[in-house]
Amino acid sequence: MATPGQAPAAALRAVLKPSGPLPAESLPVRGYDFSGGPDHAALLRSFRTTGFQATSFAQAVAEIHRMISAKLEPLSEEERGRAGLGGPRPPSGCTIFLGFTSNLISSGVRETIRYLVQHNMVDVLVTTAGGVEEDLIKCLAPTYIGDFSLRGQELRQSGINRIGNLLVPNDNYCKFEDWLMPILERMVDEQETQGARWTPSRMIARLGKEINNAESVCYWAQKNNIPVLSPALTDGSLGDMIFFHSYKRPGLVLDIVEDLRLINTQAIFARKTGMIILGGGLVKHHIANANLMRNGADFSVYVNTAQEFDGSDSGARPDEAVSWGKIRMDATPVKVYADASLVFPLLVAETFAQRADAFPSETPGD
């Protein structure tokens, strides 16, 4: 019973409970002060103490810097020989896997991805069929800004396809068919007369060489011996064209098992590995599962908007991958819950672009 003139003791204990020690890494919250004018670099640095996804962004910047530092560490002769077993790329201290969904190539994020590939900053790409074909189609005709609210029925009647608030005229795919069909014909010829063994990654490299356009991700990937893995390569316009071509000239074979060996050995023989995964679905799991073969990636950054409550791999937090052995138990992975079109160019600006001089220039020749 409360003493007259005093608040109830139980309420005081509940409301005025003394604090214990904070975690050692705790920093005071403080955002950017615009009183000194706009300084975009300082603004992004202030994200570390802003909170919420701004702090996750800053943690992702730190994780990518750790990834890059590991990549630039010199290898011993023994390590160089072992890492060289992984594939066609020159061995480095950290093999960086970059995964992205097709919508990001449809968007202006394509130019950010192309920058990384052109300057040898990543080692393995994983994407969907759309991530390949949209890159190539943009070399033939542009994609346009539209609006999320444009009505599908009206767009369909006009032969215009919508990707979020982007618009792709169906004529672009007709141009793609005209460009691709002769290449498919030559691929079948080479398979039958020269014994060519086509895999999705070899086909993508061939298409990158054929497009011969420096704006293309696929062009720079083949030029710099960066494999582009796409185990579902037929799930898109490319598959449509392969399907149509098969009626004229059946027999094209794509070996996905050889590509599976390629991505897994890239992980197995690497000194360290890093994963940067934009979006979810196939690209996220294909990279993570390859890293299971080495008992987990050393560095990981996810950028997506998916949630984990439905049990999807797309929404799974990095700690779920730790339980599967796809991320190492002592790693410090980061997930940023955000639209990659907003976040990824800023991540690159704060990491790879600041250390551009440390990477070798693009491989000369075709």
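Before going into details, it helps to say that this report is about the structure given with it. (Residues numbered from 1 in each chain as written. Predicted model: local features only at pLDDT ≥ 70, side-chain atom pairs only at ≥ 80, totals over all residues. Heavy atoms only, no water.)

Some words on the pairing of strand β4 (residues 160-163)
For a regular strand, side chains alternate in direction, first toward one face of the sheet and then toward the other. Quick note on the threshold: Here, a strand pair is defined by DSSP locating no fewer than two bridges between the strands. Per the convention used, a helix needs a DSSP run of H or I reaching at least four residues, while a strand needs a run of E reaching at least two, with both numbered from the N terminus.
The pairing of β4 with strand β5 (residues 166-169) spans four bridges and is classified as antiparallel. Across the sheet, the residue bridging to Ile160 is Pro169, located in β5. Counted between consecutive antiparallel strands, the loop separating β4 from β5 contains two residues, among which Gly164 sits at a positive phi close to 65°.

With respect to the sheet that holds strand β3 (residues 144-145)
To keep things clear, this is the line we draw: Contact criterion: two residues are considered in contact whenever any of their non-hydrogen atoms come within 4.5 Å of each other. Axis angles are defined between N-to-C directions and span 0 to 180 degrees, where every axis is a line fitted to C-alpha atoms and, for a helix, only to the segment in contact.
Read across the sheet, three strands follow the order β3-β5-β4 without closing on themselves; strand pairing throughout is antiparallel. Of all strands in the sheet, those with a lone pairing partner are β3 and β4, marking the two edges. As paired strands, β3 and β5 are joined by two bridges and run antiparallel to one another. Bridging from a neighbouring strand, Ile145 pairs with Leu166 of β5. Running at roughly 50° to β5, helix α9 (residues 170-194) makes contact with β4 and β5 of the sheet.

Comments concerning the packing of helix α10 (residues 200-211) against helix α13 (residues 256-268)
Heads up, the rule is: In these notes the angle categories are as follows: under 35 degrees is roughly parallel, over 145 is roughly antiparallel, 65 to 115 is roughly perpendicular, and the rest is oblique.
Taken N-terminus to C-terminus, the directions of α10 and α13 make an angle of 90°; their axes are 7 Å apart at the nearest point. Accordingly, the angle class assigned to the pair α10 and α13 is roughly perpendicular. The segment α10 lies against α13, with Pro200, Ser201 and Arg202 engaging Ile256, Glu258, Asp259 and Leu262.

Structural notes on a nonpolar patch on the surface
Stated formally: Patch membership is restricted to residues that have no salt bridge and whose relative accessible area is over 30%. Joining uses 9 Å for like charges and 5 Å for the nonpolar side chains Val, Leu, Ile, Met, Phe, Trp and Tyr. The Shrake-Rupley method, run with a 1.4 Å probe sphere, supplies the accessible areas, and residue values consider only the shown protein chains as cover. The rule for a salt bridge is simple: a side-chain nitrogen of Lys or Arg has to be within 4 Å of a carboxyl oxygen of Asp or Glu. To sort residues, take the accessible area from a 1.4 Å probe on protein chains only and compare it with the maximum for the residue type: under 20% means buried, over 50% means exposed, and anything in between is partly exposed.
On the surface, Leu12, Val15 and Leu16 cluster together into a nonpolar patch covering about 320 Å² of accessible area. Take Leu16: it is sitting in the loop between α1 (9-15) and α2 (40-46). On the accessibility criterion, Leu16 (60% relative accessible area) is exposed.

Regarding the environment of Gly99
Of note, Gly99 is situated in strand β1 (residues 95-100). Its relative accessible area of 0% is what places Gly99 among the buried residues. Gly99 sits 56 residues away from Leu155 along the chain, and the two C-alpha atoms are 30 Å apart. Setting aside residues up to four positions removed in sequence, Gly99 forms contacts with Val126, Ile276, Ile277, Leu278, Val283 and Ile287.

A word on the layout of surface pockets
Short version of the rule: Put simply, the grid is 1 Å and covers the protein atoms alone, a cavity is a trapped set of points that fit a 1.4 Å probe, a pocket is an open set with protein on both sides within 12 Å along at least five of seven lines, and lining residues have an atom within 4 Å of a point. Grid points are joined across faces, edges and corners, and a volume is the space filled by probe spheres set on the points. In the scheme used here, Gly and all other residues not listed as nonpolar or charged are polar, with Ala, Val, Leu, Ile, Met, Phe, Trp, Tyr, Cys and Pro taken as nonpolar and Asp, Glu, Lys and Arg as charged.
There is about 390 Å³ of room inside the largest pocket. As for the largest pocket, its lining consists of 20 residues, and the residues nearest its centre are Thr101, Asn103, Leu104, Asp339 and Ala340. Here the lining of the largest pocket is built from residues that sort into nine nonpolar, ten polar and one charged. Partitioning the lining of the second largest pocket into residue classes produces four nonpolar, seven polar and two charged.

What to know about empty space enclosed by the protein
By the definition in use, this model includes one cavity of 30 Å³ or more. Approximately 120 Å³ is the volume attributed to the largest cavity. Lining the largest cavity are 13 residues, with Ala83, Arg89, Pro91, Thr95 and Gln266 sitting closest to its centre. Of the residues assigned to the lining of the largest cavity, the class counts are five nonpolar, six polar and two charged.

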